[in-house]
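# Geometric and topological summary
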Amino acid sequence: MSDQYLGEFEQLVLLAVVRLAEGAYGVPIRREIERRTGRKVTVGALYSTLDRLEAKGCVSSRFADPTAERGGRSRRYFRIEPLGTEALAHAKEMLDRMWKGVRLA
Amino acid sequence: MPKLPPGLAELILRRLVPGREGEIIAGDLREEFESRGGGRFWYWREVLSCVAVRLSPHRLTAPDLRQDLHYAVRVLRRNPGYTLTAMVCLALGIGVNSTVFTMVDELFWEPLAVPQPDRVMVIARTGDETVCSYRDYQEFERRVTAPGGRLFSGLMAYDNIPISLDVEGSSQIVMGEAVSANFADVLQVPAQAGRWFAPEDEQPGSDPVAVLSDGAWTRRFGRSMSAIGQRVRIETQWFRVVGIAPPGFLGVSPPHAMEIWIPFTSQPYARELLANPGERERPRVQLMGRLAAGTRVRAAEAALQTVDEQIRRAFPRDTTSTGALTLAVSAGASNPGVREVAAPISIMLLSVTGIVLLIACVNVANLLLSRSAVRRREMAVRQALGASRWRLARQTLAEGMVLAAGGAVLGLFFGIGANRLLARSIPALPHVGKVMLDLNVNWRVAIFAAVAALASAVLFTFSPALEHSRPGLTSSLKGDQAGTRRMRQRDVYVIVQVALSLTLLIAATLVVRAMQHAQTIDPGFAMDHRLAARIYISEPEYTPESGKLFLARLLDTVRAAPGVRSATISYTTPLSFSDSTCTSTTPEERPRRASSDVVVPGYFDTMAIPILRGRQFAPIDQPGSPQVVIVNQTFATRFWPNEDPIGKTVWLGCDVKRPRDMAEVVGVARDAKYESLDEAPRRFIYRPLAQSWVGFVALIVDASGSPAEYTAPLRALLHRLDPNLRVYEIQTLELAASDSLWKVRWQASLLAVFGGLAMLLAAVGLYGVVAYSVAQRTREIGVRLAMGAQRADVLWMVLARGLGLTAAGIAVGLALSAGVMRLLAAALYGMSPLDPVAFTVASLAWMAVAMLASYVPARRAMRVDPVVALRWE
């Protein structure tokens, strides 16, 4: 689906999910983005984006067993789907094409 | 001990993002909260950021809500009879409400059809019909639009008046506005053809001009452009048509629709008053202005009050209206008097239609309850499979919403139809011209219907939803039909319906009876065989002298005509309009207004009004002789309670500065009704025509035959006397009397319609309950028949149930009516609000309807075949 367009923040979230692989749930995704980009990410922004990506079919999620350190609450792990991989690749390709031959002074 | 995140924030988070997703986010936050070692502020900010999660589009249309609605539509489509009944009930309820609301909207909120109507202000004076004199208006205009303290970009004066418009020989009374020349500039209404008024049109000696409404142009000139430049005659003057107002513009005096506009100063009476420099208080006008950019309403109001005081100080006067000026955005009827009359009627109508809607809602609730009985099993299965109670209740709510939405759409269509009907059948108000009431459905009406539908949906699904959400699992799964509690609830519904609709029915019966009662009120004069013709004998055709001579000749001729028993002349037409004059019993006292009439000798004979004391007017009462008056009983007892009024002096005239006229009371006439049959006794004073000339009079003829048939001969007779004589409507006095009762007739017809509708809806409800109980008890009836019960017994058993419910409803309704009917007392013309006839008639009518509504299901019960019924086992 080449018309799948990803916003900048969506790309960051997707890349974080890819980087974290098996360990991708809310807390590390946020840390990953904050550490690598220096941007503050609120939990609301993160989950509304993840919800949207899931609705588009770019990621899927599963609920793990509750843990005590979270006050008896479970974690929601995210995994990238083929559609998400394709959309990321498409986004990168688009940027690369735009950068090709551009030289900033 | 580890710190815990703030509990309130967690609670809010759980509200913002319900379900498992909320738990996950809370878990994430807890984990981070601990790892960063606290930070309540941080925690709160994170929680508030979850609004973004809540607002994300796919969560707004939660998949299960869509599923609910989808399922609701499917269920409703599978049961078309049930759906249609419910929707039609709701549509009737919402329809009548939106019709009445449209009317109320037109009277109170509809903005003027001008650009930026919210900047157009109506200026009113507390406790006064008008705002100020035309001279004061000019002063106001100069001061409030002056470049310095500019409050208004323009201020205009107007007055709405009945205008008799001559078109090709026949005269017709239409409503018009006499306006200042800047009228259209202030309102920013362009002419669709020709022009509006210019300042030159106000100059003395200018050619009188007029602007016609789009409707008048269509009716009188067939939308021909040649209308511009044509002359129309208004009373004595010819006016040249210079422009046509745009379609949809009906003037600034709703609910009256204007047909013509003329410059205020081209009215003869206004010109005369304005020519007198000593006259500061008349002619009086209403004011409207367009606020200057950036001016706020309250600031403008305060500033206007200051200007008002300045003008008063600059031009002192004796008779002062002291009310404060108020400013309001023009919407609906701008005249505070109209609003005052309309407000109680509107409240009454809206509450009546509200009750109708309530009854319709109860009907639908009943339908849903009976459906819920059918679907008990389904609900129990769903619950057993893990559906939450809220989920089941929501399913019922979704069905309610779908029903209400359908009902609202149907109701709006129904309302539009009803509006058309109503607009056509609104009785013309005597001497007031056409009432506009376009009754268009606008966004306010649509919102009203939507809110009504939503409120009804909540109302009628509330109890069934509760019901659905707690099925006794085991008994329902077993298919047990027990449900006495639900049965009792439905019975209560029916009783409430019967009670409410009976109350409306009693109100309707009371008002209808009051209307009949009003028609038997003694007017105090003889109406039968009498008819009145309004004729115009004034300039330029007649001077007062030649007019008097003509009237004498006219009376002689008419009295001598075959079929005429007697004839007389008065200024007013009884029971259609009355005049008033200022009177006082001492020359110093402030004059008070009393209703008045000007009549010729013999008037009291023709009208059969007895003179209780003193004498009638006589030919000796001439302009040169001492002025005389005849007063009515109320006048005499008010001013001379224990004295003989004959020979007393009455001072006539409104102007306190000028000497008033002295007149001697020569007679006392019995009280009569003067303006309408339903009026209270009022002070009344008669003056002889010879001493107080008017050129616009009613010729009253007592014909020996049917008065209606005498109309044509009378017109021919008048035409022979003077072919150019202007004759307006000829009307029998009985018709005038019945016209004067338009208000009660209007209320009676509307209440009768709503009362009937309420009864119909409640009858449907009753039928539903009885029919349902028959369906439920089919097996029992079968057993009874098999055991040897007579079919008549079964019939009676079912009938008794319906009638029992009705009787209970009637009992409640009677008690309720006894309490609320006194609210109607003012509209009943002295009839008791507890009129036993009305109460009995309405109750019997309901009993008859209940009989019918229960008989149909009872017959079905009687026909139950025991074999078929028992095979159900």
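In this report, we go over the structure that sits alongside the text. (Residues numbered from 1 in each chain as written. Chains lettered and ligands numbered in written order. Predicted model: local features only at pLDDT ≥ 70, side-chain atom pairs only at ≥ 80, totals over all residues.)

Within chain A, the regular secondary structure consists of four helices and two strands. When its helices and strands are written in sequence order, chain A yields α-α-α-β-β-α. Looking at chain A alone, contacts between residues at least 24 apart form 50% of all its contacts between residues at least 6 apart. (Helix = DSSP H or I, 4+ residues; strand = E, 2+ residues; numbered from the N terminus. Contact = placed C-beta atoms within 7 Å.)

The next subject is the environment of B:Leu717. All names here are of chain B. Tracing the sequence through the fold places Leu717 in helix H22 (residues 711-721). For the pair Leu717 and Ala561, spaced 156 residues apart in sequence, the C-alpha separation works out to 8.6 Å. Once you skip the residues sitting within four places of it in the chain, Leu717 turns out to touch Thr557, Val558 and Ala561.

Moving on: the interface of chain A and chain B. With 19 residues of chain A at the interface, the matching set in chain B holds 21 residues. For the side of chain A that touches chain B, the secondary structure elements donating two or more residues are helix H2 (26-37) and helix H3 (43-56) of chain A. The element best represented in the side of chain A that touches chain B is H3(A), accounting for eight residues. The residue makeup of the side of chain A that touches chain B, split by class, is six nonpolar, six polar and seven charged. (Nonpolar A, V, L, I, M, F, W, Y, C, P; charged D, E, K, R; others polar.)

A few words on the nonpolar core. Residue and element names in this part refer to chain B. With 167 residues, the main nonpolar core has Val364, Val511, Leu699 and Leu766 as its most contacted residues. The residues touching Val511, leaving out its near neighbours within four places in the chain, are Val744, Gln747, Ala748, Leu751, Leu824 and Ala827. Membership of the second largest hydrophobic core comes to 62 residues, among which are Val120, Ala216, Phe264 and Leu327. (Core = buried A, V, L, I, M, F, W, Y, C linked by C-beta atoms within 7 Å. Buried ≥ 20, exposed ≤ 12 C-beta atoms within 10 Å, placed from the backbone.)

The next point concerns unusual backbone geometry. Positive phi is not limited to glycine here, since A:Ala21 has a value of about 50°. Note on placement: A:Ala21 falls in the loop between helix H1 (8-20) and H2. For B:His529, which is not glycine, the phi dihedral falls at a positive 65°. On the secondary structure map, B:His529 appears in the loop between helix H18 (484-519) and strand S12 (530-536). A tally of 17 C-beta atoms within 10 Å means that B:His529 is categorised as partly exposed.

All names here are of chain B. Here strand S5 (residues 193-194) runs beside strand S8 (residues 237-244); their pairing, made up of two bridges, is antiparallel. Paired with Ala193 across the two strands is Ile244, which belongs to S8. Note: strand S6 (residues 209-212) against S8, four bridges, orientation parallel. Counted as the bridge partner of Ala210 is Val241 from S8. Alignment of strand S7 (residues 231-234) against S8, held across four bridges, turns out to be antiparallel. Bridging across to S8, Ile234 finds its partner in Gln237. (Pairing = 2+ DSSP bridges.)

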